[in-house]
Amino acid sequence: MAINCFNVRNQTSDYLDGTLPEFRVDDIKQHIRFCEECKNFLDRCDKISKAINAIEVKKIPIPMHKDLFQIQLPLSGSETQAKEPSRWQRTPWFLKSGIEASGIALTILIIVAAVPRIKSNYLTTESNPTAQYREYQNEVDLSPELPTGIDKEGSGDEDFDPIPVTDYEEKEKLLESIDSEEIKVGNGEVWRFHIKTDSPQEIRPHIKKALISFHLPKNDPGIEGFVVPGGIQFNLLVNKSIIPEVKKEVQKIAIEHSDSPSNSSIRNTFTWYKNKSRKRISPGKARLVVWLSQI
Amino acid sequence: MKKDKITKTPWIQTVINRYGETVYNLCHRILLNEGEAQILTRDIFKTIEKSPTQNRYHQFEKQWILKVAFQKLKQSHQQHIDLSLKEVRELNETHLSKEERLENILKYMRNLPIESQFILLLKDQLNESYDEISTITGIPIESLKVKRQQVLQTLEEWIWQ
């Protein structure tokens, strides 16, 4: 029966092994008599098979034969020096997977814990005005009822009541009494001056002017004051030496602008208090917060 | 360790005496690196020694041991595989005659998949039967024959191009 080249190639393995039936072998011989390509193919495969058969069987070195598990490998005088698998490569797969998984989980935990800290350290209040405002939000209690002139760390001697202003003479008395008050500013403190007013926008430029007069940088966003729900806030980091003077100025402004142009019966009140900052403040500095709350 | 009843040597030593050469030859011819072949041979017999007694195929011992060797070679060979056939091109560029290329058949074979090399070495060098090779590699007999034919065709194209 005539066969084609495809059939001849399919039976190469059996033909080389001599396991084909005789009639099949005759068919192939008949085919290759006329097909040079198949003839060459079978000859070459036969040569390759014989070449592989002629490869010398490599004998195991005698030291390995005697004591395979104890001797140092590779043996000296080897053709090429091989790398002994490292300890890690010799570790069982389940241990390796466990250690790698734990390492990955630990790395993720460290990153998740460290990123906020790095971010907060990077965004220091001295360099970043936005951070100043954020810090202010964190620190300042924006409730309408602020404590009135109470030093949270003091003994209570510095308490005083809100100063409602009623007439011109009283106003003059109050202005005179401002200079007699002495305050001490410690390290790492936040000083809060609060003016309750029905017109924060009118008092705002006066506060700004007063702050500029203390040679505070004009480009500091805190010097403009932030408009927030309930009023306007000024939040700055200043030298602690100017705090007493600032207090006097703010107090004066509160008293001087107590007559509202809207003729409202509600009067301005001035209160102040201080507390320790939760965040680190450079030595010699203090945080100044002036809060103009809308009545 | 379990002892051989006749010779009273540890079982593993008997196994090494019987099959050490075959395993070492396969490792050496595939990895083409004596040091690595020595280390891998030891690794294979360590694995065999650690196998529980009930999992030792005493009846089909040879096939089982060569199967372990095949698995280990596959893992080891993963690091060496180069599908770019750069070595084949370099060999052909050296203007060797066809006979000389046949003498370097192992270098051509190194560019084949591990399975193909294993089949060729077991069949053509060690003259194992298809039944045994099928048990060792887990490939059906007819598929083995087709694979061998395809591998021979590939080698023929490389050497006679």
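Our subject is the structure that appears above.
Residues numbered from 1 in each chain as written. Chains lettered and ligands numbered in written order. Predicted model: local features only at pLDDT ≥ 70, side-chain atom pairs only at ≥ 80, totals over all residues. Heavy atoms only, no water.

S.K.: Sorry if this is basic, but what is going on with the overall build of chain A here?
M.R.: Secondary structure summary: chain A contains 11 helices and 5 strands in total. Expressed as a percentage of the 295 residues in chain A, the buried residues total 41%. A sequence separation of at least 24 residues applies to 74% of the contacts in chain A between residues at least 6 apart. (Helix = DSSP H or I, 4+ residues; strand = E, 2+ residues; numbered from the N terminus. Buried < 20%, exposed > 50% of the residue type's maximum accessible area, 1.4 Å probe, protein only. Contact = heavy atoms within 4.5 Å.)

S.K.: Looking at this structure, I do not really get the nonpolar core. What am I missing?
M.R.: The nonpolar side chains of soluble globular proteins are, as a tendency, buried together. In terms of nonpolar packing, the biggest core is built from 70 residues, with Ile48(A), Ile48(B), Ile105(B), Met109(B) and Leu155(B) touching the most fellow members. The greatest single-element share of this core, amounting to 11 residues, is contributed by helix α1 (residues 11-31) of chain B. Those residues in contact with Ile105(B), other than ones at most four positions away along the chain, are Ile48(A), Ala51(A), Ile52(A), Ile55(A), Leu155(B) and Ile159(B). (Core = buried A, V, L, I, M, F, W, Y, C linked by side-chain atoms within 4.5 Å.)

S.K.: When you look at the packing of aromatic side chains in this model, what are you seeing that I'm missing?
M.R.: Each aromatic ring pair is described using two quantities: the centre-to-centre distance and the angle formed by the ring planes. All told, the structure shown has 6 aromatic pairs over all chains when counted by the stated rule. Look at Trp191(A) and Phe193(A): their rings are 6.4 Å apart centre to centre, the planes differ by 45°, and that puts the pair in the tilted class. The exposure classification of Trp191(A) matches that of Phe193(A), with both residues buried. With a centroid separation of 6.2 Å and 25° between ring planes, the pair formed by Phe193(A) and Phe270(A) is classed as stacked. You can see Phe193(A) sitting in strand β1 (residues 189-197) and its partner Phe270(A) sitting in strand β4 (residues 269-276), a full 77 residues away along the chain. Looking at Phe193(A), the relative accessible area reads 0%, which means it is buried. Residue Phe270(A) is classed as buried on the basis of its relative accessible area of 2%. By the ring-pair criterion, three or more aromatic residues cluster together here, those being Trp191(A), Phe193(A), Phe270(A) and Trp272(A). Residue placement shows Arg9(A) over the ring face of Phe41(A); its charged tip is 4.2 Å from the ring centre. Across from the ring centre of Tyr130(B), 4.6 Å away, lies the NZ or CZ of Lys123(B), which sits over that ring. (Phe/Tyr/Trp six-rings, centres within 6.5 Å; stacked < 30°, edge-to-face > 60°. Lys NZ or Arg CZ within 6 Å of the ring centre and 35° of its normal.)

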